[in-house]
Amino acid sequence: MIFVTGGAGFIGSNFVLGWLAGKDEPVVNLDKLTYAGNLENLRGVEQDARHVFVRGDICDAALVTALLGTHRPRAIVHFAAESHVDRSILGPGDFVTTNVNGTFVLLEAARAYFSSLNGAERDSFRFLHVSTDEVYGSLGPQDPPFTETTAYAPNSPYSASKAASDHLVRAYRHTYGLPTLTTNCSNNYGPYQFPEKLIPLMVANALAGKPLPVYGDGKNVRDWLYVGDHCSAVRRVLQDGRLGETYNIGGWNEMSNLEVVHTLCDILDELAPASRSYRAQIAFVADRPGHDRRYAMDARKIERELGWKPAETFSTGIRKTVQWYLDHQDWVRNVQSGDYLKWVEQNYGARGTAQERAA
Ligand code: NAD
Ligand code: TYD
């Protein structure tokens, strides 16, 4: 079986659902169920004996050690993290605790477990660390996309904590010979993404008749990848990735935030028409402090070595995604709980629209 961390979050739950749909190999899923973790995402495998869900913290060394000893996984796939840049700006502490200390605890437990393995079990064991393109910092408009050899230059507490965890993984490979793999992926979108991130937030706000808060001038660029493609890339790397290597994963799909928001409005105008275009709800608000201008991934290594390419284009993936949110408005309502409302007030209350700031 495989041991997944953070499998109740956005990407982790897509990964677990996709894994169990495609293979008979069981999954142990360790998740703390923070605000971002949601068992509703896993309803499809609730009754499935191949899915063992454990509510717990990756920082709990005794728990992690016991789970590895009991279930004896052939691989660890590590998604668990605090993942939202804006939250890392307002409260960086949890990011260091989970992303740095939590990864350290997991690596230590994996090292002890790995050293107890022999023969084929030892040869096949893998520790796959899921990371982000944000560790590379920000690109200028003419810069080539990030490659696996681009120097790390993280700019937010989130990306700094992920960079630190990547470095720990690297060191455990180099020093202890732990069979590690690292993936660095661009911005994901798709079903089950918490509506604090750009795409689900905009869809939810649009349908609720609320402003669509675009930070700064809206010209920051991200490289968007459909979540199912990220999961297929992780499976490819787990299966055939070279030990100790890192693989960049991206969609070859750079877009400015404003282009993304316009696209969402246009699809919603078609699928859920209101009395006026949703574009009328766009509101420019104060920029994110230290806002990275551009991310872009050079994903040629994973294509060359492992034959992976995204299956979705942005236009096919985004249409499916908007349709999913339209079909799952109960899911959105359920996660917009008291804590969510507090967050919205904290993050957006202080920003104001461009008009309000000018007044
Ligand atoms: P998410 O915030 O939706 O989910 C994170 C999950 O981890 C949640 O289920 C949460 O309950 C769990 N978790 C948090 N702290 C924990 C702890 N201490 N112990 C156990 N579980 C804990 O995040 P996501 O968007 O699914 O991202 C998953 C991983 O992919 C992260 O490592 C992130 O850095 C990386 N990543 C995300 C993106 C993206 O666009 N979302 C892009 C590239 C890489
Ligand atoms: P986000 O989804 O938070 O991902 P990340 O910061 O990890 O790239 O944001 C994507 C982009 O959208 C980023 O440039 C910030 C911007 N953004 C807004 O303009 N308004 C918003 O309300 C949010 C949440 C993000």
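Higher on the page you've got the structure.
Rules behind the numbers
- Residues numbered from 1 in each chain as written.
- Chains lettered and ligands numbered in written order.
- Predicted model: local features only at pLDDT ≥ 70, side-chain atom pairs only at ≥ 80, totals over all residues.
- Heavy atoms only, no water.
- Near = heavy atom within 4 Å.
- Polar contact = N/O pair within 3.5 Å; in protein donor to acceptor, adjacent residues only side chain to side chain.
- Areas by Shrake-Rupley, 256 points an atom, 1.4 Å probe, with all protein chains shown as cover.
- Nonpolar A, V, L, I, M, F, W, Y, C, P; charged D, E, K, R; others polar.
- Phe/Tyr/Trp six-rings, centres within 6.5 Å; stacked < 30°, edge-to-face > 60°.
- Helix = DSSP H or I, 4+ residues; strand = E, 2+ residues; numbered from the N terminus.
- Buried < 20%, exposed > 50% of the residue type's maximum accessible area, 1.4 Å probe, protein only.
- Lys NZ or Arg CZ within 6 Å of the ring centre and 35° of its normal.

1. With respect to the site of ligand 2
Around ligand 2, the structure places 20 residues, and the nearest of them are Glu134, Pro213, Arg288, His291 and Tyr348. At a separation of 2.8 Å, an oxygen atom of ligand 2 approaches a polar side-chain atom of Arg222. With respect to ligand 2, the side chain of Asn257 contributes an N or O atom lying 2.9 Å from an oxygen atom. In the complex, the protein chains occlude 97% of the 510 Å² of accessible area that ligand 2 would expose alone. Of the residues assigned to the shell around ligand 2, the class counts are 9 nonpolar, 5 polar and 6 charged.

2. Digging into the packing of aromatic side chains
For the coordinates displayed, the defined rule picks out 19 aromatic pairs. When the centroid spacing of 6.3 Å and the interplanar angle of 80° are considered together, the rings of Phe95 and Tyr158 count as edge-to-face. Placement of Phe95 in helix 4 (residues 93-115) and of Tyr158 in helix 6 (residues 157-176) is noted, with a sequence separation of 63 residues between them. Per residue, the accessibility class of Phe95 equals that of Tyr158, and both read buried. In textbook terms, an aromatic cluster arises when at least three aromatic residues are bridged by ring pairs, as seen for Tyr136, Phe146, Tyr152 and Tyr295. The ring of Trp19 carries the charged tip of Lys23 above its face, separated from the ring centre by 4.7 Å. A cation over a ring is seen here: Arg87 above Tyr35, with NZ or CZ 3.6 Å from the ring centre.

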